[in-house]
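Structure at a glance
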Amino acid sequence: NTDNSGKFIYVRDNKSQEFWSCGWKPVCKKPLFYEVRQGIGYTNITNNTQDIITSLIVFVPNEEPVEIWQLRIKNTTAEPRSLGIFSYLEWETRRNISEPVCKEKGFENVTFNRDLSALIAEINGEFSFHSVSKEIKTFTADRSAFLGSYRDASKPRAVEKGMCFGEKGRYVDPAAALQMDVE
C-alpha cells in the first residue's frame, strides 16, 4: 500500500506492548482525540491515544535544506509510563519529484554515528541524515528488517517487538529508524 510509505513516528507502550503512530497513518489506531492544524510552512498533529498526548510539529526552516520534526509527549495519567519512540523514514534519492522512483537502492551506504545520534546515508557522493536530539537505544538502516517479512508500515516488526537490531551498510534496503525510550 503506497499510502503506508514515507515518514512516521511510532509510540509503543512498553508494558502493554500496544503501539500507534503519531499521525493517523500508518497504524490507523482510533485515538481519544485527533487534530491536524496547518499554517504557513508547518503542520501540527495532536493525538491522544491511551492517555498519551503527542504533538508532532513538522516544518522546513526558511533557507535550510532540512525538515524538522518536533515531538512533545505528555502522560495524562498518574501512572508512570515507559514508552518506546521509533522514528522511521524511507530515504528519498530523487532530486526532482517527477523522476521515476528507483527500486535498486543497494548502492547507498548507511552508517550510524552514536555521537550525533544519526544515521547517515551516502547516495552518489552526497549525504543525507536522520538524527534525534535524544540518546538512541538502537537503530536500523534496513527497511526490510524494520518492517519484517510480508509487512508494511502499518504493523512494523521492530515496533511490535520493541527493538531495532542495528542493521547498516551497503547491502541493505535503505531506510532510517531510530529508537529511543522515554519514561
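Below is a short write-up of the structure. The written sequence of each chain sets the order in which its residues are numbered from 1. Selection of residues for local features in this predicted model requires a pLDDT of at least 70, selection of side-chain atom pairs for listing and counting requires 80 or more, and totals for whole chains, interfaces and linings are taken over all residues. Hydrogens are left out, water is left out, and the side-chain values use all remaining heavy atoms of the structure.

Description of the overall build of the protein chain
The secondary structure listing takes helices from DSSP runs of H or I that are at least 4 residues long and strands from runs of E that are at least 2 residues long, numbered from the N terminus. Broken down by element type, the protein chain carries two helices and 12 strands. When the elements of the protein chain are put in sequence order from the N terminus, they spell out β-β-β-β-β-β-β-β-β-β-β-α-α-β. With 183 residues in all, the protein chain has 40% of them scored as buried. Note on contacts: a residue pair is in contact if any heavy atoms of the two residues lie within 4.5 Å. Counting only contacts in the protein chain whose residues sit at least 6 apart along the sequence, the fraction spanning at least 24 positions is 53%. Accessible surface, the protein chain as shown: approximately 10900 Å² in total, 50% of it carbon and sulfur. Whether a residue is buried, partly exposed or exposed follows from its accessible area with a 1.4 Å probe, protein chains only, as a fraction of its type maximum: under 20%, in between, or over 50%, in that order. Exposure was quantified through the Shrake-Rupley algorithm and a 1.4 Å probe, taking into account, for residues, occlusion by the shown protein chains and nothing else.

Details of the nonpolar core
Side-chain atoms within 4.5 Å link the members of a nonpolar core, which is a set of buried Ala, Val, Leu, Ile, Met, Phe, Trp, Tyr and Cys residues. Counting 22 residues, the largest nonpolar core has Trp 91, Leu 119 and Leu 178 as its most contacted members. Elements that contribute at least two residues to this core include exactly strand S1 (7-13), strand S5 (52-59), strand S7 (83-89), strand S8 (109-113), strand S9 (118-123), strand S11 (138-142) and strand S12 (174-182). Among the nonpolar cores identified, the runner-up in size contains 14 residues, and Phe 8, Phe 86, Phe 146 and Ala 158 belong to it.

Structural notes on the packing of aromatic side chains
In this analysis, rings of Phe, Tyr and Trp, with Trp reduced to its six-membered ring, are considered paired at centre separations within 6.5 Å, and the interplanar angle assigns stacked below 30 degrees, edge-to-face beyond 60, and tilted for intermediate values. Counted by the stated rule, this structure contains four aromatic pairs. Ring geometry for Tyr 88 against Phe 146: centres 4.6 Å apart, planes inclined by 10 degrees, an arrangement best described as stacked. Placement of the pair is Tyr 88 in strand S7 and Phe 146 in helix H1 (residues 143-147), with a sequence separation of 58 residues. The exposure class of Tyr 88 is buried, given its relative accessible area of 0%. Grouping aromatic residues by their ring pairs yields a cluster made of Phe 8, Tyr 10, Tyr 88 and Phe 146.

Thoughts on the sheet that holds S9
Pairing between two strands is assigned when DSSP locates at least 2 bridges connecting them. Taken together, three strands build an open sheet; the order of strands is S8-S9-S10 and the sheet is antiparallel. Every interior strand has two partners, whereas the edge strands, S8 and strand S10 (126-131), have only one. Going from strand to strand, the sheet's axes swing by 20 degrees on average, the running direction of each strand aside. Orientation is described by axes fitted as lines to C-alpha atoms, over the contacting stretch for helices, and by angles from 0 to 180 degrees between their N-to-C directions.

Thoughts on the sheet that holds S7
With respect to topology, five strands assemble into an open sheet ordered S2-S1-S7-S12-S11, the strand pairing being antiparallel. Whereas interior strands pair on both sides, the edge strands pair on one side only; in this sheet they are strand S2 (19-21) and S11. Direction aside, the axes of adjacent strands within the sheet are offset by 20 degrees on average.

Describing the pattern of salt bridges
The working definition used for a salt bridge is a side-chain nitrogen of Lys or Arg within 4 Å of a carboxyl oxygen of Asp or Glu. Across all of its chains, the model carries nine salt bridges by this definition. We note a salt bridge from Lys 29 to Glu 18, for which the minimum N-O separation is 2.6 Å. Taken together, the residues Lys 29 in the loop between S2 and strand S3 (33-39) and Glu 18 in the loop between S1 and S2 connect sequence positions 11 residues apart. Owing to a relative accessible area of 28%, Lys 29 belongs among the partly exposed residues under this scheme. By sharing partners, the salt bridges in this structure join Arg 151, Lys 155 and Glu 160 into a single network.

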